[in-house]
Structure formats: structure tokens, C-alpha cells
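If you want the building blocks of each chain, they are given just below.
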Amino acid sequence: MTAPGRHFLQIPGPTNVPDRVLRAMDMPTIDHRGPAFADVGKRALDGMRSIFKTDGAVVIYPGSGTGAWEAALVNTLSPGDLVLMYETGHFASLWKKMADRLGLRSEFLAGDWRSGVDTDVIEERLRSDKNHEIKAICVVHNETSTGCVSAIADVRKTLDTTGHPALLMVDTISSLASIDYRHDEWGVDVTISGSQKGLMLPPGLSFNAISEKALAASKTSGMQKSYWAWDEMAGPNAAGYFPYTPATNMLYGLVEAIAMLHDEGLDNVFARHARHGEAARKAVAAWGLETVCSKPSDYSGSLTAVFVPEGHSADGFRKTTLDAFNMSLGNGLSKLADRVFRIGHLGDFNDLMLMGTLSGVEMGLELSGIPYRRGGAQAALDSLAGCQQARSGEAAA
Ligand SMILES: *Cc1c(COP(=O)(O)O)cnc(C)c1O
């Protein structure tokens, strides 16, 4: 059945692709080894440096975020190396499983899936690692299954204060270009990201940002790699080219998306997402429901994950919002399956789109017979209106 109007794609990735990006991609595919390509290639690579906030190397793969996870591990480590990972939720668990499949030894610091990392726990483990067996620590910046953010700068501090030489690897697939992130300043060795979330593109590109230390580690890494090998990229990239066929039209879109982010200003982008996260949480509280993230310092600007009351089906509720309002909400993942729905508010998104989304959630709660209190949408509206008033006050002052 054809549904009139725009579909509300409110899953936490893939996100809504702005028309400006779609139009930029609507181009003839050109010769990726011809002279016209180099400009696109260089602008995409330079542009991504500005988004990661790094002066170092950036690699762009035609691939999903999962590929960039693999690239980070196989380029820097050797079989049997110990990697320390932190169980923030579903995505951290998948990354750990990947490390095991690749022949690394992984160790999981247990988490409750309701908060970001606890740096005290990391510090204790690093201090006990007297022989520096741990070669890398891997953290998911924004855990998309829970809506909890981890303080990456604090993880860096923990590595520094303990004098531990492990590489720091960070998954920013659902945080980059939505939540403040600083590859160089925070001393991250490999940052992983993907195109289809904060970067407002369709799925299909993924990224590594690479520190000097990680590049040095790649010279002695003993893992097998070919497609993901960084060393094949550097030469062609310097001239704006790629060793194999890049996703040319995605790169047109990427250059446009980066221009849009800088037009708005990254800090304004982050503030917008924080404001939408805050308004969404106000709605959840007013409905009398509970967010998965239980630690206010770790609340996410990208998404809000919400528990449905015991005895009710989150997937049934999501089916109702899809059928009745043409809106897709994110599902609960692995151990949160059917207990949680996730409201994505990342990427190309504004106040009225958030209000449409929250109105759909509130009507869906009513239709599904889930016990809730009315007034969530109103609470979000008040929150957003308050922010707008504060901003116009600032502008007038
Ligand atoms: C979406 C996501 C992934 C997986 O990315 P794919 O592009 O689906 O491979 C990994 N980590 C996080 C935090 C994500 O949000």
C-alpha cells in the first residue's frame, strides 16, 4: 500500500537523507582514475579530517561500519593479541565477537547496558596489566542499542595516568557529526565511523581516522588483511585516488553532507541534537515511561531508547506506528528485543520532525493499549519552545 506524505524514518540509522545530498549524488558516475575524480576524492578525504577533527590520515572504504571495525583491528594488531572491550550494549558485543572471530583474544569488562563506560573499572584493569599484555582498548562512543554515551576524553586520561601504552579505538558510527568528537585532541588511535547515521548519507561508506601511533603499529601488525589494508590506500589517496573502485556517487554526497555540516557549524549541530535528546527525554518522562540510559551524564543526543512496561510488546507497538503513521522506530536489540523501542533523532532533523515523531509515538501508545500518561508531546513542545526563546533572547542581546 502506498502511504501518502513522507515516511518518518526515525530509526537510529540509516537516517533521513537530505534532498541536498540526494541531488548532489544524482550525477553521472565518472572515471575514478580520470582527472575529474581527484578533486572529489581530495575534498572527501580532507572534509572527513575536519569532521573527525584530525590532521592525520583518514581512510574511506566502500563498506558498512562493520568493515571499518575490522579494518581497525586487522591493521594494528597481531593474532593472539589481547584487546580490552567494554560491554556497553549490543554493538560493543558484536565488536567483541568480531575480535574473537579474527583470532584475537578479547576481554569484556561487564556493563549493565544502561550507562557508558566506567573509567574506574578500566583504570583498575589497566593497572593490573603490569606486563602490558593489553594491546588495544575498544570503546563504543554512542552505544546505539541503549542511547548511552561514553566519555572518550576520560578513557584517554585513564590510559595516560596509568601510563598504559594500549591503542585506543573508538566506534563513532552513531555519534560522529551528531555528538562532539575530537580524534586528535582526545588522543584516539583509530576512530571508526559509517555514512548512514550522523553523516546523513545512505549506507555504503565507512571510515577510519588513524593516529601516528596506529600507523606505526600497522607496520608490524601480523593480522592477515588485503581489502582493508591501510598501506594500499596512502599512495593513491595522497593524489585524491583510491586503490580500487570507490563509491563515486556516495563521495559526491559526502562532500555535500560535510558542506552542510560546516554551513550549520558543528557546534550548532551538536547543540541541536542535544536539544532534541532533551526534548525526547522530557516526553518519555511525561508519558511515565523509562529510558534505557539511566545515567544523566551519559544521555545521548543521537537517540533515545525507551522501555515499554512489563507485559507489553515493543515490537507490536512499532508495528502499530508503522501501519498507522508510516513511521519506523528502532527495535530493541539482542537482550533488549521486544522490551525497548528506539527513537532516532540524529542526522538531518529539526524541531518539527521531532514533534511529528513524538506525536506518532504518543498516538501509537494509545492505539497499542500501552499504559502511559498523556502529555509527553506537550512536554517536548514546551522544552523546544523554551530553547527557541532562549536562543532568540541570545540573538537579541
Ligand atoms: C550502526 C552501528 C554499527 C554497525 O554499522 P553497520 O554499518 O551496520 O555495519 C556499529 N556500531 C554502532 C555504534 C552502530 O550504531
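Source: prediction; values computed, not measured. (Residues numbered from 1 in each chain as written. Predicted model: local features only at pLDDT ≥ 70, side-chain atom pairs only at ≥ 80, totals over all residues. Heavy atoms only, no water.)

Caption draft 1: Just the overall build of the chain, in detail. Looking only at helices and strands, one finds 13 helices and 14 strands in the chain. In terms of overall dimensions, the chain is globule-like: its C-alpha atoms have a radius of gyration of 21 Å, near the 21 Å expected for 397 residues. Projected onto its principal axes, the C-alpha coordinates of the chain cover approximately 60 × 55 × 50 Å. Here the chain holds 397 residues, and 55% of them are scored as buried. Partitioning the contacts of the chain with sequence separation of at least 6, the portion at a separation of at least 24 is 74%. Element-wise, carbon and sulfur atoms account for 54% of the exposed surface of the chain, whose accessible area totals about 16,200 Å². Within the chain, one finds 37 positive and 46 negative side-chain charges whose respective centroids are separated by 1 Å. (Helix = DSSP H or I, 4+ residues; strand = E, 2+ residues; numbered from the N terminus. Rg over C-alpha atoms; globule rule 2.2 N^0.38 Å. Buried < 20%, exposed > 50% of the residue type's maximum accessible area, 1.4 Å probe, protein only. Contact = heavy atoms within 4.5 Å. Areas by Shrake-Rupley, 256 points an atom, 1.4 Å probe, with all protein chains shown as cover. Lys, Arg positive; Asp, Glu negative; His and termini not counted. Charge placed at Lys NZ, Arg CZ, Asp CG, Glu CD.)

Caption draft 2: Focus on the packing of helix α12 (residues 351-368) against helix α13 (residues 376-396). Running from N to C, α12 and α13 point in directions that differ by 165°, and their axes come no closer than 9 Å. Regarding the angle of α12 to α13, the classification is roughly antiparallel. Remark: the crossing between α12 and α13 carries right-handed chirality. Facing α12, whose interface residues are D351, L354, M355, L358, S359 and E362, α13 presents G376, A377, A380, L381, L384 and Q388. Here the contact of α12 with α13 is built from residues that sort into 7 nonpolar, 3 polar and 2 charged. (Axes fitted to C-alpha atoms, helices over the stretch in contact; angles between N-to-C directions. Parallel < 35°, antiparallel > 145°, perpendicular 65-115°, else oblique. Left-handed = near helix turned anticlockwise from the far one by under 90°. Nonpolar A, V, L, I, M, F, W, Y, C, P; charged D, E, K, R; others polar.)

Caption draft 3: Quick look at the site of the ligand. Close to the ligand lie 13 residues, the nearest being S64, T66, T144, D171 and K197. Here an oxygen atom of the ligand sits 2.8 Å away from a polar atom, N or O, in the main chain of G65. Coverage of the ligand by the protein amounts to 87% of the 380 Å² it exposes when considered alone. It is helix α3 (residues 65-76) that contributes the most residues to the shell around the ligand, 3 residues altogether. When the residues that make up the shell around the ligand are grouped by side-chain class, the tally is 4 nonpolar, 7 polar and 2 charged. (Near = heavy atom within 4 Å. Polar contact = N/O pair within 3.5 Å; in protein donor to acceptor, adjacent residues only side chain to side chain.)

Caption draft 4: Structural detail: the packing of helix α10 (residues 266-287) against α12. Across the interface, α10 lies against α12 with an axial gap of 11 Å and an inter-helix angle of 20°. Comparing their axes, α12 and α10 come out roughly parallel. The hand of the α10/α12 crossing is right-handed. Residues R275, H276, A279, A280, A283 and W287 of α10 pack against D351, L354, L358, V361, E362 and L365 of α12. Its residues assigned to classes, the contact of α10 with α12 comprises 8 nonpolar, 1 polar and 3 charged.

Caption draft 5: Representation of the nonpolar core. With 85 residues, the main nonpolar core has M48, I60, W95, M169, L199 and L254 as its most contacted residues. At 9 residues, helix α9 (residues 248-264) tops the list of elements feeding residues into this core. The residues that make up this core include at least three from each of domain 1 (8-14 + 265-396) and domain 2 (20-262). Sequence-distant contacts of M169, defined by excluding residues within four places in its chain, comprise A72, L73, T76, L77, W95, A136, I137, C138, V139 and V190. (Core = buried A, V, L, I, M, F, W, Y, C linked by side-chain atoms within 4.5 Å. Domains from an automatic or database assignment.)

Caption draft 6: The arrangement of the pattern of salt bridges in detail. All chains considered together, the criterion is met by 22 salt bridges. The shortest N-O distance in the salt bridge between K53 and D180 comes to 3.9 Å. Residue K53 is located in the loop between α2 (37-52) and β2 (57-62), and its partner D180 is located in the loop between β8 (167-171) and β9 (190-194); the two are separated by 127 residues in the primary sequence. With its nearest N and O atoms 2.6 Å apart, the salt bridge here joins D180 to R182. (Salt bridge = Lys/Arg side-chain N within 4 Å of Asp/Glu carboxyl O.)

Caption draft 7: Highlighting the sheet that holds strand β5 (residues 134-140). Read from one edge to the other, the open sheet built from 7 strands follows the order β2-β10-β9-β8-β5-β3-β4, with strand pairing classed as mixed. Both edges of this open sheet fall to β2 and β4 (105-109), since each of them pairs with a single strand only. In this sheet, adjacent strand axes meet at a mean angle of 20° when their direction is disregarded. In this structure, β5 lies alongside β8, joined through 5 bridges in parallel fashion. Within β8, the residue paired with V140 across the bridge is D171. In the packing of α3 onto the sheet, contacts are made with β2, β5, β8, β9 and β10 (205-210), and the angle to β9 comes to roughly 160°. Running over the sheet, helix α4 (residues 90-101) touches β3 (82-86), β4, β5, β8 and β9 and is turned about 160° from β4. (Pairing = 2+ DSSP bridges.)

Caption draft 8: Fine view of the confidence of the model for the chain. On average, residues of the chain score 97 in pLDDT, and 100% of them are at 70 or above. Taken element by element, the predicted model of the chain shows its lowest mean pLDDT in α13 (90) and its highest in β8 (99). (pLDDT = per-residue confidence, 0-100.)

Caption draft 9: Summary view of the packing of aromatic side chains. All told, the structure shown has 9 aromatic pairs when counted by the stated rule. Ring centres of Y61 and W228 lie 4.8 Å apart, and the angle between their planes is 80°; on these two criteria the pair is classed as edge-to-face. Placement of Y61 in strand β2 and of W228 in the loop between α7 (212-220) and α8 (231-238) is noted, with a sequence separation of 167 residues between them. W228 shares its class with Y61; the two are buried. Taken together, Y61, Y227, W228 and Y244 form an aromatic cluster joined through their ring pairs. Here the guanidinium or amino end of K96 rests over the ring plane of F108, the centre of that ring lying 5.7 Å away. Taking NZ or CZ as reference, K197 lies 5.4 Å from the ring centre of F91, over its face. (Phe/Tyr/Trp six-rings, centres within 6.5 Å; stacked < 30°, edge-to-face > 60°. Lys NZ or Arg CZ within 6 Å of the ring centre and 35° of its normal.)

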